[in-house]
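Descriptive structure summary
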Amino acid sequence: MRGENQDTSSPSPIERRGARRPRPRRPWALIAACGLLVLLSTVLWFKWWNSRDRVVELDAEIKKVYAEAESLRTEAALAKQRIGQLEQQLRALSGDHGKPAPRDQKPANGKRPTQSP
């Protein structure tokens, strides 16, 4: 009764389960491109990390070099000032106030000028 009047053109639920739809193809090119992007991103991140550490090391080295250069500059300025004082003392001892003191000659008394601390 019911079975006789059913439309045979529509598949039954059992037939629908058994019938498989064709699987869509995977986009392998897109998958490979994503994998390559992940690989490149990882490599670049590690390179950036290493270069960042190197920048920190170089900054510390630059600060050290600048401090050393400033120390040498200060030492040179003090030495120049000390040379000027010694030349003044030498001129005062030799009695030649107008002429610059010759650097190669010893003072007249043969002694070095006294050094003040």
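On a plain count of helices and strands, the protein comes out with three helices and zero strands. The secondary structure elements of the protein, listed N-terminal to C-terminal, are α-α-α. Sorting the 117 residues of the protein into buried and exposed places 3% on the buried side. When the accessible surface of the protein is totalled, it reaches about 11800 Å², and 58% of it is carbon and sulfur.

This part covers a nonpolar patch on the surface. On the surface, a nonpolar cluster with roughly 360 Å² of combined accessible area is contributed by Leu-36, Leu-39, Leu-40 and Val-43. Here Leu-40 is to be found in helix α3 (residues 28–94).

So, on to the packing of aromatic side chains. Per the stated rule, a full pass over the model turns up three aromatic pairs. Ring geometry for Trp-45 versus Phe-46: centroids 5.2 Å apart, planes at 70°, classification edge-to-face. Take Trp-45: its relative accessible area is 45%, and that puts it in the partly exposed class. Taking the relative accessible area as the measure of exposure, Phe-46 reaches 40% and is therefore partly exposed. Taken together, a centroid distance of 6.2 Å and an interplanar angle of 40° make the contact between Phe-46 and Trp-49 tilted.

What follows concerns the pattern of salt bridges. Taken as a whole, this structure holds two salt bridges when the rule is applied. The salt bridge partner of Glu-57 is Arg-54, with a shortest N-O separation of 3.5 Å. With Glu-57 and Arg-54 both in helix α3 and three residues apart, the pair spans about one turn of that helix. Judged by relative accessible area, which is 46%, Arg-54 ranks as partly exposed. Residue Glu-70 is joined to Arg-73 by a salt bridge in which the shortest nitrogen-to-oxygen separation is 2.6 Å. Of this pair, Glu-70 and Arg-73 both sit in helix α3, three residues apart, which is roughly one turn of that helix. Classification of Arg-73 by relative accessible area gives exposed; the value is 52%.

For α3, spanning 67 residues, the distance from its first C-alpha to its last is 97 Å, which sits close to the expected 99 Å at 1.5 Å a residue. One or two positions beyond α3, positive phi appears at Gly-95, with a value near 85°.

Definitions and limits used
Residues numbered from 1 in each chain as written. Predicted model: local features only at pLDDT ≥ 70, side-chain atom pairs only at ≥ 80, totals over all residues. Heavy atoms only, no water. Helix = DSSP H or I, 4+ residues; strand = E, 2+ residues; numbered from the N terminus. Buried < 20%, exposed > 50% of the residue type's maximum accessible area, 1.4 Å probe, protein only. Areas by Shrake-Rupley, 256 points an atom, 1.4 Å probe, with all protein chains shown as cover. Patch = residues over 30% accessible without salt bridge, like charges linked within 9 Å, V, L, I, M, F, W, Y side chains within 5 Å. Salt bridge = Lys/Arg side-chain N within 4 Å of Asp/Glu carboxyl O. Phe/Tyr/Trp six-rings, centres within 6.5 Å; stacked < 30°, edge-to-face > 60°. Expected span 1.5 Å × (residues − 1).

Geometry only, nothing functional implied.
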